[in-house]
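# Analysis of the macromolecular model
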4 protein chains.
Amino acid sequence: MIKIGIIGVGRMGKIHLANLASKIEGVELIAAVNPGEEGQKFARDHGIKNVSPNVETIIDNPEIEAVLISSPSDTHSEYAVKAAKAGKAVFCEKPIDKSLQEASKTVRTISDLGVPLMIGFNQRFDSNFSKVRSEIVQGHLGSLRHLHIISRDPMPPPISYIKKSGGLFKDMTIHDFDMARFIMGSEVDEVYAVGNCLVDPAIGEAGDIDSATVLLRFENGAVGTIENSRESKYGYDQRLEVFGSKGTIKVDNPLKSNVIIATHLGSTMDNHLNFFMDRYESSYLEEIKVFVEALQNKGPMPVSGEDGLKAMVLAEAANKSLKENRPVKISEISLD
Amino acid sequence: MIKIGIIGVGRMGKIHLANLASKIEGVELIAAVNPGEEGQKFARDHGIKNVSPNVETIIDNPEIEAVLISSPSDTHSEYAVKAAKAGKAVFCEKPIDKSLQEASKTVRTISDLGVPLMIGFNQRFDSNFSKVRSEIVQGHLGSLRHLHIISRDPMPPPISYIKKSGGLFKDMTIHDFDMARFIMGSEVDEVYAVGNCLVDPAIGEAGDIDSATVLLRFENGAVGTIENSRESKYGYDQRLEVFGSKGTIKVDNPLKSNVIIATHLGSTMDNHLNFFMDRYESSYLEEIKVFVEALQNKGPMPVSGEDGLKAMVLAEAANKSLKENRPVKISEISLD
Amino acid sequence: MIKIGIIGVGRMGKIHLANLASKIEGVELIAAVNPGEEGQKFARDHGIKNVSPNVETIIDNPEIEAVLISSPSDTHSEYAVKAAKAGKAVFCEKPIDKSLQEASKTVRTISDLGVPLMIGFNQRFDSNFSKVRSEIVQGHLGSLRHLHIISRDPMPPPISYIKKSGGLFKDMTIHDFDMARFIMGSEVDEVYAVGNCLVDPAIGEAGDIDSATVLLRFENGAVGTIENSRESKYGYDQRLEVFGSKGTIKVDNPLKSNVIIATHLGSTMDNHLNFFMDRYESSYLEEIKVFVEALQNKGPMPVSGEDGLKAMVLAEAANKSLKENRPVKISEISLD
Amino acid sequence: MIKIGIIGVGRMGKIHLANLASKIEGVELIAAVNPGEEGQKFARDHGIKNVSPNVETIIDNPEIEAVLISSPSDTHSEYAVKAAKAGKAVFCEKPIDKSLQEASKTVRTISDLGVPLMIGFNQRFDSNFSKVRSEIVQGHLGSLRHLHIISRDPMPPPISYIKKSGGLFKDMTIHDFDMARFIMGSEVDEVYAVGNCLVDPAIGEAGDIDSATVLLRFENGAVGTIENSRESKYGYDQRLEVFGSKGTIKVDNPLKSNVIIATHLGSTMDNHLNFFMDRYESSYLEEIKVFVEALQNKGPMPVSGEDGLKAMVLAEAANKSLKENRPVKISEISLD
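Counting from 1, residues in each chain are numbered in the order their sequence is written. Lettering of chains starts at A and numbering of ligands starts at 1, both following the order in which they are written. Side-chain atom pairs in this predicted model are given and counted only at pLDDT of 80 or more, local residue features only at pLDDT of at least 70, and totals for whole chains, interfaces and linings cover all residues. Think of the side-chain values as coming from all heavy atoms in the structure, minus any hydrogens and water.

Before going further, it helps to spend a moment on the overall build of chain A. Regarding its fold elements, chain A presents 12 helices and 15 strands. Computation of the radius of gyration draws on C-alpha atoms, with the globule rule given as 2.2 Å multiplied by the number of residues to the power 0.38. A compact globule built from 336 residues would reach a C-alpha radius of gyration of about 20 Å, and chain A, at 20 Å, matches this within 12%. For chain A, long-range pairs separated by at least 24 residues make up 71% of all intrachain contacts whose partners lie at least 6 apart in sequence. Every accessible area reported is derived by Shrake-Rupley at a probe size of 1.4 Å, with residue values counting cover from the shown protein chains alone. Carbon together with sulfur atoms contributes 51% to the accessible area of chain A, which is approximately 12800 Å² in total. Placing the 38 positive and 46 negative side-chain charges of chain A at their respective mean positions leaves the two points 1 Å apart. A run of H or I in DSSP becomes a helix once it reaches four residues, and a run of E becomes a strand once it reaches two; helices and strands are each numbered from the N terminus. Throughout, a residue-residue contact means that at least one pair of heavy atoms, one from each residue, lies within 4.5 Å. Charge convention: Lys and Arg are scored as positive, Asp and Glu as negative, and His as well as the terminal groups of each chain are ignored. To locate a charge, take NZ of a lysine, CZ of an arginine, CG of an aspartate or CD of a glutamate.

With that out of the way, let us pick up the interface of chain D and chain B. Contacts between chain D and chain B engage 28 residues on the former and 28 residues on the latter. Surface buried jointly by chain D and chain B totals about 1900 Å² across both partners, of which 55% is contributed by carbon and sulfur atoms. When two parts are put together, the accessible area they lose, computed with a 1.4 Å probe and summed over both, is reported as buried area. Among the residues of chain D in contact with chain B, D:Asn258, D:Val259 and D:Ile261 are the three that bury the most area, contributing 28% of the side total. Here, a salt bridge means any Lys or Arg side-chain nitrogen found within 4 Å of an Asp or Glu carboxyl oxygen. Where chain D packs against chain B, one counts 2 salt bridges. Here B:Lys131 makes a salt bridge to D:Asp270, at a shortest N to O gap of 3.6 Å.

Time to look at the pairing of strand 12 (residues 248–251) of chain D. On a regular strand, one side chain projects to one face of the sheet and the next to the other, so that they alternate. Where strand 13 (residues 259–263) of chain B lies against strand 12 of chain D, 4 bridges are found, and the strand directions are antiparallel. Paired with B:Ala262 across the two strands is D:Thr248, which belongs to strand 12 of chain D. With antiparallel pairing between neighbouring strands as the criterion, strand 11 (residues 237–244) of chain D and strand 12 of chain D make up a hairpin whose turn holds 3 residues. In this scheme, strands are said to pair when DSSP sees at least two bridges between them.

Turning next to the relation of the copies chain D and chain B. It takes a turn of 180 degrees to lay chain D on chain B, together with a shift of 0.0 Å along the axis; the resulting RMSD is 0.0 Å. In short, the pair behaves as if placed about a two-fold rotation axis. In terms of proximity to the rotation axis, the leading residue of chain D is D:Ser22, whose C-alpha is 4.0 Å off the axis. All copies are superposed by least squares; the fitting set is the C-alpha atoms of residues with a pLDDT of at least 70 in both.

Applying the stated criterion to the full structure yields 123 salt bridges over all chains. As a salt-bridge pair, B:Arg239 and B:Asp237 come within 2.7 Å of each other at their nearest N and O atoms. Note on accessibility: B:Arg239 and B:Asp237 belong to one class, buried. When the shortest N-O distance is used, the salt bridge between C:Asp307 and C:Arg181 registers 3.1 Å. Here C:Asp307, found in helix 12 (residues 305–324), pairs with C:Arg181, found in helix 8 (residues 168–184); they are 126 residues apart in sequence, far enough to count as distant. Here C:Asp307 and C:Arg181 have matching classes, each one buried. Salt bridges sharing common partners tie together A:Arg124, A:Asp178, A:Arg181, A:Glu187, A:Asp307 and A:Lys310. Burial here depends on accessible area, computed with a 1.4 Å probe over protein chains only, as a share of the maximum for the residue type. Under 20% is buried, over 50% is exposed, and the range in between is partly exposed.

A few words now on the relation of the copies chain C and chain B. The operation relating chain C to chain B is a screw motion whose rotation component is 180 degrees, with 0.0 Å of axial translation and a residual RMSD of 0.0 Å. Comparing interface residues between copies, 100% of those in chain C also sit at the interface in chain B, which points to an isologous, same-surface contact.

Once that is clear, we can look at the environment of C:Glu219. Residue and element names in this part refer to chain C. On the secondary structure map, Glu219 appears in the loop between strand 9 (211–218) and strand 10 (223–229). Along the sequence, Glu219 and Gly185 sit 34 residues apart, while their C-alpha atoms lie 9.9 Å from each other. Residues in contact with Glu219, not counting those within four places in the same chain, are Ser186, Glu187, Val188 and Asp189.

For the rest of this paragraph, the subject is the sheet that holds strand 4 (residues 66–69) of chain D. Residues and elements named next belong to chain D. Ordered by their spatial adjacency, 6 strands build an open sheet running 3-2-1-4-5-6, and the pairing between neighbours is parallel. In the strand order of this sheet, the two ends are held by strand 3 (50–52) and strand 6 (117–119), each with one partner. Averaged over all pairs of adjacent strands, the angle between strand axes in this sheet comes to 20 degrees, irrespective of strand direction. Pairing analysis gives 3 bridges linking strand 2 (residues 27–33) to strand 3, with the strands arranged parallel. Geometry is summarised by axes, namely lines fitted to C-alpha atoms with helices restricted to the contacting stretch, and by angles between N-to-C directions that run from 0 to 180 degrees.

This paragraph deals with the interface of chain C and chain B. The interface is formed by 35 residues belonging to chain C together with 35 residues belonging to chain B. Looking only at chain C, the three residues that lose the most surface to chain B are C:Arg145, C:Leu198 and C:Phe243, adding up to 18% of its buried area. Joining chain C to chain B, the criterion identifies 6 salt bridges. Contacts described as polar in this section are N or O atom pairs within 3.5 Å, which, within protein, must combine one atom able to donate a hydrogen with one able to accept it, while residues neighboring in sequence count only if both atoms come from side chains. Between chain C and chain B we count 18 residue pairs in polar contact (both at pLDDT 80 or more) in total. Within the residue set of the side of chain C that touches chain B, elements represented by two or more residues are strand 7 (144–152), strand 8 (188–196), strand 9, strand 10, strand 11 (237–244) and strand 12 (248–251) of chain C. Its residues placed into classes, the side of chain C that touches chain B shows 10 nonpolar, 13 polar and 12 charged. When residues are sorted by character, Ala, Val, Leu, Ile, Met, Phe, Trp, Tyr, Cys and Pro go into the nonpolar class, Asp, Glu, Lys and Arg into the charged class, and all the rest, Gly among them, into the polar class.

Residues and elements named next belong to chain D. Its location among the elements puts Ser165 in the loop between helix 7 (159–163) and helix 8 (168–184). At 2.8 Å, the side chain of Ser165 forms a polar contact with the backbone oxygen of Ile162. A polar contact of 3.1 Å, which involves the side chain of Ser165, links it to the backbone nitrogen of Gly167. Excluding residues within four positions of it along the chain, Ser165 makes contact with Asp171, Asp208 and Arg230.

All names here are of chain B. For the pair helix 1 (residues 11–22) and helix 11 (residues 281–297), the least separation of the axes is 10 Å and the interaxial angle reads 60 degrees. Here helix 1 lies oblique to helix 11, going by the angle between them. The interaxial crossing formed by helix 1 with helix 11 has right-handed handedness. Each of Met12, Ile15, His16, Asn19 and Leu20 in helix 1 lies in contact with helix 11, whose residues at this interface are Tyr284, Leu285, Glu287 and Ile288. Looking at the contact of helix 1 with helix 11, its residues break down into 6 nonpolar, 2 polar and 1 charged. For this classification, under 35 degrees means roughly parallel, over 145 means roughly antiparallel, 65 to 115 means roughly perpendicular, and everything else is oblique. Here is the rule for handedness: rotate from the far helix to the near one, and if that takes an anticlockwise turn smaller than a right angle the crossing is left-handed, while a clockwise turn gives right-handed.

Residue C:Lys94 is joined to C:Pro95 through a cis peptide bond whose omega torsion reads -10 degrees. Position of C:Pro95 among the secondary structure elements: in the loop between strand 5 (89–92) and helix 5 (100–112). One non-glycine residue, A:Lys298, lies in the positive phi region at around 50 degrees. Mapped onto the elements, A:Lys298 comes out in the loop between helix 11 (281–297) and helix 12 (305–324). The exposed category is assigned to A:Lys298, whose relative accessible area is 75%.

The next subject is the packing of aromatic side chains. Pairing of aromatic side chains requires ring centres within 6.5 Å, counting the rings of Phe and Tyr and the six-membered ring of Trp. Pairs whose planes differ by under 30 degrees are stacked, by over 60 edge-to-face, and all others tilted. Applying the stated rule across the entire model yields 26 aromatic pairs over all chains. Here the aromatic rings of C:Tyr236 and C:Tyr280 are separated by 6.3 Å at their centres, their planes lie at 90 degrees, and the arrangement is edge-to-face. With C:Tyr236 in the loop between strand 10 and strand 11 and C:Tyr280 in the loop between helix 10 (276–279) and helix 11 (281–297), this pair connects stretches of sequence that are 44 residues apart. Take C:Tyr236 and C:Tyr280: they sit in the same class, and that class is buried. Aromatic pair D:Tyr236 and D:Phe275: ring centres 4.9 Å apart, planes at 85 degrees, arrangement edge-to-face. Here D:Phe275 lies in the loop between strand 14 (266–269) and helix 10 (276–279) and D:Tyr236 lies in the loop between strand 10 (223–229) and strand 11, a separation of 39 residues in the sequence. Relative accessible area serves as the criterion here: at 5%, D:Tyr236 is assigned to the buried category. Each member of the aromatic cluster is reached from another via a ring pair, and the members are A:Phe129, A:Tyr236, A:Phe275, A:Phe276 and A:Tyr280.

Picture the strands of a sheet paired through backbone hydrogen bonds; they go either parallel or antiparallel. Residues and elements named next belong to chain A. In spatial order, the strands read 3-2-1-4-5-6; together these 6 strands make up an open sheet with parallel pairing. The open sheet is flanked by strand 3 (50–52) and strand 6 (117–119), the only strands paired with a single partner. Neighbour to neighbour, the strand axes of the sheet diverge by 20 degrees on average, direction disregarded. Direction of pairing for strand 1 (residues 2–7) relative to strand 2 (residues 27–33): parallel, over a ladder of 6 bridges.

Okay, structure coming up:
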């Protein structure tokens with residue numbers, strides 16, 4: 001039984017807390033920290049005895065072996081380092097830090113402490129995408145030639161969010177950068193990014209883009225393209241295709257139901273799932289499961305701090321490419 | 001080079017004539033007979049030299065080895081027997097005759113003359129359905145357990161047509177009866193049919209039904225169901241599924257295009273093909289090809305006179321079952 | 001807060017217990033009864049304080065307002081009546097009783113007591129099927145003409161199970177009979193059933209069939225067909241189509257993933273979900289939700305005792321039809 | 001009746017000849033020119049009276065109003081100019097000329113002569129792609145944001161062909177460049193191309209690439225990506241998706257049949273169509289139809305000489321981008 005504490009019981013924290021409280025074996029959630037009363041109540045309702053507004057309740061508790069950090073992004077680094085210094089394994093929601101350099105420092109510190117660190121790239125644990133990776137690992141596609149990722153949100157977040165998001169590449173494409181590395185099993189060597197404001201001029205006025213296309217050259221010779229949009233009138237759209245020497249593999253969107261209605265207007269399928277909370281629901285459970293399993297087996301973390309950094313590097317390179325309108329080598333991006 | 005003549009250049013005759021004139025190798029269409037000027041002109045425009053309103057032009061021409069009969073249904077028997085007596089191979093559009101007993105007489109006569117006779121059940125030569133049969137013959141489904149056929153027309157024919165159609169089972173289900181025998185490779189032992197008027201009461205007043213469900217028990221133990229409707233608001237609908245001990249095989253409708261458009265209303269596929277002329281276009285070419293090949297190789301006819309009779313027997317049994325609301329054994333239907 | 005007790009913590013009971021313990025609002029699961037230790041431990045692990053092998057613990061507890069019965073089938077009637085006599089609302093797993101006459105007596109007794117009774121036909125609450133019903137209720141299909149249900153299990157149960165199952169129609173088709181009534185919103189007037197042993201002769205020796213086709217005539221003039229098989233080599237298969245004057249609506253099987261892999265062998269989709277536990281997982285949660293809602297709103301039960309009886313009547317009629325090989329009127333089946 | 005002559009009865013010429021001979025109304029094919037005997041025989045077999053090895057037979061025939069040029073690529077320019085100078089309308093297979101500068105000269109010459117010129121970009125007339133364009137023109141997608149084209153051949157051509165092909169962009173991507181302009185209704189402003197040899201090193205030794213990804217920036221702000229491969233183990237693959245402010249529209253591959261077979265191995269769809277001759281068969285007929293209609297109505301040519309040039313310019317820009325690994329403006333490419 002691994003004893004675990006959770007810091008942050010907001011939107012994501014609630015998902016993790018509910019999963020830890022009743023759906024994962026081999027783990028006991030014994031403490032939850034949240035500044036506000038509502039998150040605290042949620043924790044108590046799920047049977048957590050030790051609920052507090054105070055992070056030290058978890059950091060200083062010697063019984064706790066692992067900490068799940070789902071507090072606001074600007075506290076991730078601080079809490080992760082604190083927990084690691086207290087000798088606890090860390091599961092940290094993305095991003096580690098908004099600054100690549102700070103994130104790098106955090107990852108190195110935790111690594112030097114010899115404490116396990118996993119980053120919450122949940123999409124890797126979606127049954128569709130993990131099946132794609134599994135088919136590739138088994139060699140069913142042969143050598144890989146092309147990757148195509150489509151990632152479109154149903155509607156843009158508020159401008160207030162956009163302003164502090166760090167920009168489209170760091171906020172949204174970051175998932176696709178991680179997915180690209182995960183699926184292809186190869187590092188990116190060069191990035192070329194184009195983007196503009198096609199959805200809402202207010203996003204441009206806030207200094208960001210809402211539409212982007214990124215071209216990735218992988219070290220293994222394959223090429224990837226990512227399409228992003230902050231708005232999709234037909235709903236949340238997350239697709240992927242990998243083409244290799246033996247065939248091609250595609251992930252299409254699951255729909256709300258498998259019902260088709262045919263009338264004189266044609267045959268219509270059901271709508272897309274609403275947003276990431278619906279689409280990736282089971283992946284949130286799965287990622288904590290594999291985290292716990294890795295702790296139990298003392299195996300390597302399924303998504304390392306290094307993985308967290310590399311996705312951020314790609315976002316940085318994409319920003320540079322967008323600004324200078326030229327392909328940018330990954331080696332141009334410094335971690336210091 | 002097999003020399004061939006065609007009797008009847010109406011809607012179906014034009015399709016056959018155009019195919020014979022330019023798309024089929026090993027055959028030469030040298031004569032066409034049609035009472036009206038329009039069909040005669042169509043024949044001349046396609047390079048047929050010998051065009052006439054007179055059936056004897058073909059029957060008495062010793063050069064002609066095979067005759068394709070696509071004249072009105074009530075002349076099929078007469079022309080088929082005449083052509084056979086003149087020693088010519090016969091390709092006859094369905095039905096051989098509206099009366100099962102007359103049809104039986106015709107088939108026996110032609111059989112006694114030792115002349116090849118093929119019936120125009122074109123749907124057997126549709127690439128979808130022939131692939132299904134081929135998979136079954138190769139054993140990919142194992143032993144067969146269930147057949148399900150859906151056959152729905154886009155809209156009912158005029159009441160004037162209904163009145164002389166011979167009824168739904170003989171006019172429309174006849175194709176499905178033949179398809180059932182072809183696909184399953186087994187004879188039907190018993191028929192149970194229900195039907196009613198759900199589309200247009202005028203069809204009921206004309207003494208017919210417009211909706212039907214037929215249950216077939218095959219000699220091999222499998223069971224089949226056929227769904228028919230004279231009206232389908234979403235277009236022509238022709239589907240089929242065969243379930244066996246190793247799996248199931250399904251034929252879905254080809255659509256006008258492979259275009260899908262997704263908007264806030266859902267994802268919509270293109271419409272169905274308009275009607276049988278579009279859906280089965282290539283099967284008309286294919287059936288004449290195999291007829292010609294069988295003539296050249298002196299092989300058995302791909303769809304025999306016997307096949308034509310058996311589908312009619314099933315229609316007769318369905319009518320009897322509908323009237324008496326009980327399962328009817330095929331052995332209850334007399335050919336004499 | 002409605003206080004509830006559960007009787008029977010076996011396979012189905014565990015699903016209901018886990019749902020009641022943590023996923024349903026407005027209800028508190030305060031007691032669980034199970035003869036064996038394993039089910040009792042499961043209940044305690046889910047935080048149920050009052051766990052006992054003794055049914056009276058629940059029946060005699062005046063705090064408990066509702067009882068969920070998921071004990072073995074032959075105890076349903078007894079416990080349901082006991083709970084009803086103690087004034088508690090009853091949620092009863094199907095079947096109410098193996099004997100139609102006993103079941104009828106139970107339903108009438110509970111009805112006379114004026115206590116709410118819901119039968120666990122969970123498939124009605126599957127999001128696919130409930131969407132179909134909703135589209136029909138909204139009039140999108142117009143007047144209904146045909147229903148087609150395919151229901152195939154991945155593999156037959158053990159012969160020992162077959163022997164006490166009550167036969168295919170009562171054990172397996174019963175779900176389809178209920179679905180037929182639910183989807184069509186019309187009662188069945190006449191049943192014609194055929195069936196045989198195509199999967200395993202041992203099933204025949206045990207006095208049962210393993211393959212069946214049932215034809216239903218509804219009071220509204222529509223006709224339905226049901227296809228059942230105890231074995232499907234490609235996995236659990238549950239499909240449905242309703243055809244109406246305005247169009248057709250189809251439910252296809254959800255698959256394990258939305259991944260398609262194309263190689264030189266063709267394009268292959270992922271496998272079917274394993275069996276009903278996977279396919280209908282969310283429907284078990286949904287059915288308890290609507291039960292609780294109905295209790296809270298003092299509304300009518302979403303699936304009544306009457307519904308439970310009517311599906312049994314259809315099974316009885318199908319058995320009679322199979323035996324006598326003729327269409328059987330529902331009015332021929334007596335409840336007494 | 002427009003009288004027409006055809007120059008070149010090779011693989012493509014045969015398709016055009018057969019279409020002109022019997023499937024297109026309002027036109028009469030009165031002459032065919034081909035150096036070899038086999039093509040001449042093909043023409044005579046299709047009822048063409050005036051068959052010759054001599055181009056002048058067509059150029060000098062005052063009866064002929066239009067010429068279809070399907071001779072080898074290096075003769076297109078010469079015959080097109082000759083025919084135009086003789087006052088005949090010209091339908092010219094792509095490419096106009098291998099040299100962009102020569103092609104430009106040819107187009108300007110014919111334009112100065114005031115003679116209609118159409119280029120054979122047949123894929124525009126495929127029913128799938130023309131439906132996409134039609135939906136866009138009707139405004140169903142709103143303003144356009146992204147285009148994605150996948151174009152993969154089943155297997156590479158012989159190295160001897162590669163060597164004189166002009167390179168992947170001019171030989172294969174040229175179709176996608178034209179499709180991009182056609183679908184988007186907007187000109188390209190900048191091109192970034194990457195490519196390499198992933199299929200066969202012999203292609204690299206011949207100085208070409210076999211895999212490419214091209215990013216296009218359109219003047220309207222949209223971005224397009226094209227994926228090309230000379231080899232696809234699962235068959236010919238031609239897909240396209242356009243994403244706009246109101247939705248997205250996708251073209252998937254038509255398959256050999258609509259048959260799906262499900263076994264314990266999963267559900268498998270039929271294979272892709274073999275290659276462009278099968279996939280685009282009907283588009284060849286359609287393009288000649290619209291050419292003839294435009295002649296009859298004296299309307300503008302559906303695919304102009306300008307269109308032919310612009311696709312070549314994109315290919316030239318892609319080559320420059322590949323060589324210099326940087327985005328290349330279209331304005332950098334000179335026509336002189």
